[in-house]
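Descriptive structure summary
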Amino acid sequence: MSSHVSHRRGVHPLFHSSDAACVGPQPGGPANTSLRPLTCSACGTLHPPAPTAVCPECLGPLEPSYPPDRPLPSTTALSRRPASLWRYLEWLPFEEEPQLSRNTGFTPLIEAPILAAALGVRRAWIKNDALCFPSLSFKDRVVATAINAARQLGLDTVGCASTGNLANAVAAHAAREGLSAWIFVPHDLEGGKLVATAVFGAKMVRVRGTYDDVNRLCSQVADHFGWGIVNVNLRAYYAEGSKTMAWEIAEQLGWRFPDAVVAPMAGGSLVTRLAKGFREVKEAGFTGDPLPRLYGAQAAGCAPIVEALHRGDGRIRPTIPRTLAKSLAIGSPADGAQAVRALRESGGWAAAVDDLALVGGIQLLARTTGIFTETAGGVTVAAALALARQGHLKLTDEVVLCITGHGLKTVEAVRSGLEEAPLIAPRLQEVEALITTT
Ligand SMILES: *Cc1c(COP(=O)(O)O)cnc(C)c1O
Ligand SMILES: [Zn+2]
């Protein structure tokens, strides 16, 4: 017991000292929490708020429970709230407005007419989570809900098993909230993702193995040390953050739905929660539009969800990832089966694209919209292109592409494919010479 406490304090010398002896839930935490309780989606049992993602009765997945008779805001009231994911508070697992991670979400929705023409669809928009705060990926949304759950549960140490962006997000959020963070990543992560985690002073550990090995280790870590591992034992609260992307898309289109939404898939949580978010918008009566068709995108070198959908049995066969798209490299996706179901029920489909196509996707997005995305965004754009060519996205469709991370995090993916800039002396003739030769 004492050894891990001293590790933790070793990493974070500024951390206040009163918590030294206690790693687990602290007195005064859970008792007066504003966290909503959890309900088992398999057996329906209600559980008090806890850092537990599975039902103690039947091991089914837990989800926050929302009283159907709670007061709900009107669209006008919503429109007056601050521009962050907390404007949808009544659909998030907190009874009172959370105090941490106040500036996350409400990212731009940008129309992209040149890209729409390239895809051959009526209109296209980019939901640009490359500009999500504080760490420039969609993962800031899930950390915003998870870290507030950790605080409410009295946990002073958070962590994650990450393919990169979650590491950045947990490290950034934890730093500014004064929480200790332990971050576990696969050993072969991109340099940018490592730097953008370590800079925040988090304790980062590289694990020899795949993401799935890291994730298994983190389940043991969560149990053993009583930490809040955001995507493991806090997963019920984590996943709810994803669905705010659907709420924002509907509101930013003027309380309408697009015909189709294309989104990348790693563990399958985002597409599953997009479906949930759109359903909630409709249930709230904020639009009468039919629910959008949802399309999932993966890299061909790690496409267990796409393959399960294409095979038709919906059963996930774990794979060993081999792709440039490391942020999506989860071979055994936690929400894989649910994701297949969500895509199918929405009337959508899925596509897997190879590494060459994903690099092409990054360039196509950059050159048609001025947005630089990381490998996951390249997968999304390339998959949209493939789905359009296969006739899944149609000439009459309005389509939203979910761009989930910033391109400066994975520059090595595109660098080698780009032409080297000519090097000249500072003389006008040399510029003239360039112009005549090109
Ligand atoms: C994590 C992640 C996703 C989606 O992940 P899910 O596990 O499917 O929710 C998409 N894009 C990026 C850049 C990510 O980091
Ligand atoms: Zn249960």
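Our subject in this report is the structure included herewith. Just so it is clear, the model here is predicted, and its values are computed rather than measured.

**Quick word on the overall build of the chain**
Across its full length, the chain carries 16 helices and 13 strands. Classification of the 438 residues of the chain by burial places 56% in the buried group. Restricting to contacts in the chain with at least 6 residues of sequence separation, those with at least 24 account for 69%. When the accessible area of the chain is evaluated, it comes to approximately 18,200 Å², of which 56% is carbon and sulfur surface. Across the chain, the 41 positively charged side chains and the 39 negatively charged ones have centroids separated by 1 Å.

**Describing the nonpolar core**
One recurring pattern in soluble globular proteins is that nonpolar side chains are buried together. In terms of nonpolar packing, the biggest core is built from 78 residues, with Leu 166, Val 170, Ile 183, Val 230, Trp 255, Leu 274 and Phe 278 touching the most fellow members. Ranked by the residues each element gives to this core, the list is headed by helix α4 (residues 139-152), at 7 residues. Setting aside residues up to four positions removed in sequence, Phe 278 forms contacts with Ala 246, Ile 249, Phe 257, Val 261, Leu 291, Pro 292 and Leu 294. The next biggest cluster of nonpolar side chains, apart from the first, holds 49 residues, and it includes Tyr 211, Ala 260, Leu 358 and Ile 403.

**What about the packing of aromatic side chains?**
In the structure shown here, the tally under the stated rule is 11 aromatic pairs. Both rings, one in Trp 91 and one in Trp 247, keep their centres 4.3 Å apart while their planes meet at 40°; by these two values the pair is tilted. In this pair, Trp 91 sits in the loop between α2 (75-79) and β4 (109-111) while Trp 247 sits in helix α9 (residues 244-252), placing the two residues 156 residues apart along the sequence. Look at Trp 91 and you get buried, because its relative accessible area is 4%. Classification of Trp 247 as buried rests on a relative accessible area of 0%.

**What about the site of ligand 1?**
Every one of the 15 residues lining ligand 1 counts as a neighbour, but Lys 139, Ala 266, Gly 267, Gly 268 and Thr 404 are closest to it. Contact between ligand 1 and Ser 269: an oxygen atom at 3.4 Å from a main-chain N or O atom of the residue. Contacts to ligand 1 include Thr 404, whose side-chain N or O atom sits 2.6 Å from a nitrogen atom. When ligand 1 sits alone it has 380 Å² of accessible area, and the protein chains cover 98% of it. Among the residues forming the shell around ligand 1, the class breakdown is 7 nonpolar, 6 polar and 2 charged.

**A short note on helix α13 (residues 355-369)**
Between the first and last C-alpha of α13 there are 21 Å, a value that for 15 residues agrees with the 21 Å anticipated at 1.5 Å per step. When α13 is considered as a whole, its buried residues turn out to be Leu 358, Val 359, Gly 361, Ile 362, Gln 363, Leu 365 and Thr 368. Residues of α13 that are buried make contact with α3 (113-119), β5 (123-128), β12 (349-353), α14 (375-389), β13 (398-403) and α15 (411-415). At the N-terminal end of α13, a side-chain oxygen is found 3.3 Å from the backbone nitrogen of Leu 356, two or three residues along, and the residue is Asp 354. Two residues or fewer past α13, Gly 370 is found with a positive phi of approximately 75°.

**Topic: the coordination of the zinc ion (ligand 2)**
The coordination sphere of the zinc ion (ligand 2) contains the protein donors Cys 40 (SG), Cys 43 (SG), Cys 55 (SG) and Cys 58 (SG), at a distance range of 2.3 to 2.4 Å. In this structure, the zinc ion (ligand 2) is surrounded by 4 donor atoms whose angles at the metal cover 100 to 116°, and the resulting shape is tetrahedral. All donors to the zinc ion (ligand 2) come from one chain, and their sequence spacing reads C-x2-C-x11-C-x2-C. Exposure remark for Cys 58: the relative accessible area of 34% places this residue in the partly exposed category.

**Let's talk about a nonpolar patch on the surface**
Residues Ile 424, Leu 428, Val 431 and Ile 435 make up a contiguous nonpolar surface patch of roughly 370 Å² in combined accessible area. On the secondary structure map, Val 431 appears in helix α16 (residues 428-437). With relative accessibility at 36%, the residue Val 431 sits in the partly exposed group.

**Observations concerning the pairing of strand β10 (residues 260-264)**
Of all 5 residues in β10, 5 are buried, a share of seventy percent or more. Every second residue of β10 is oriented toward a common face, with Ala 260, Val 262 and Pro 264 on one face and Val 261 and Ala 263 on the other, all of them buried. Of the pairings in the sheet, the one linking β10 to strand β11 (residues 293-299) comprises 5 bridges and is parallel in character. Its bridge partner being in β11, Val 262 is matched across the sheet by Tyr 295. Traced from β10 through helix α10 (residues 269-283) to β11, the parallel crossover comes out right-handed. When β10 meets β13, the two strands line up parallel, connected through 3 bridges.

Thresholds applied
Residues numbered from 1 in each chain as written. Chains lettered and ligands numbered in written order. Predicted model: local features only at pLDDT ≥ 70, side-chain atom pairs only at ≥ 80, totals over all residues. Heavy atoms only, no water. Helix = DSSP H or I, 4+ residues; strand = E, 2+ residues; numbered from the N terminus. Buried < 20%, exposed > 50% of the residue type's maximum accessible area, 1.4 Å probe, protein only. Contact = heavy atoms within 4.5 Å. Areas by Shrake-Rupley, 256 points an atom, 1.4 Å probe, with all protein chains shown as cover. Lys, Arg positive; Asp, Glu negative; His and termini not counted. Charge placed at Lys NZ, Arg CZ, Asp CG, Glu CD. Core = buried A, V, L, I, M, F, W, Y, C linked by side-chain atoms within 4.5 Å. Phe/Tyr/Trp six-rings, centres within 6.5 Å; stacked < 30°, edge-to-face > 60°. Near = heavy atom within 4 Å. Polar contact = N/O pair within 3.5 Å; in protein donor to acceptor, adjacent residues only side chain to side chain. Nonpolar A, V, L, I, M, F, W, Y, C, P; charged D, E, K, R; others polar. Expected span 1.5 Å × (residues − 1). Donors = N, O, S within 2.8 Å, 3.2 Å for Na, K, Ca; no water. Tetrahedral: all angles 85-135°; square planar, octahedral: opposite > 155°, others 65-115°. Patch = residues over 30% accessible without salt bridge, like charges linked within 9 Å, V, L, I, M, F, W, Y side chains within 5 Å. Salt bridge = Lys/Arg side-chain N within 4 Å of Asp/Glu carboxyl O. Pairing = 2+ DSSP bridges. Right-handed = clockwise from strand over helix to strand, strands pointing away.

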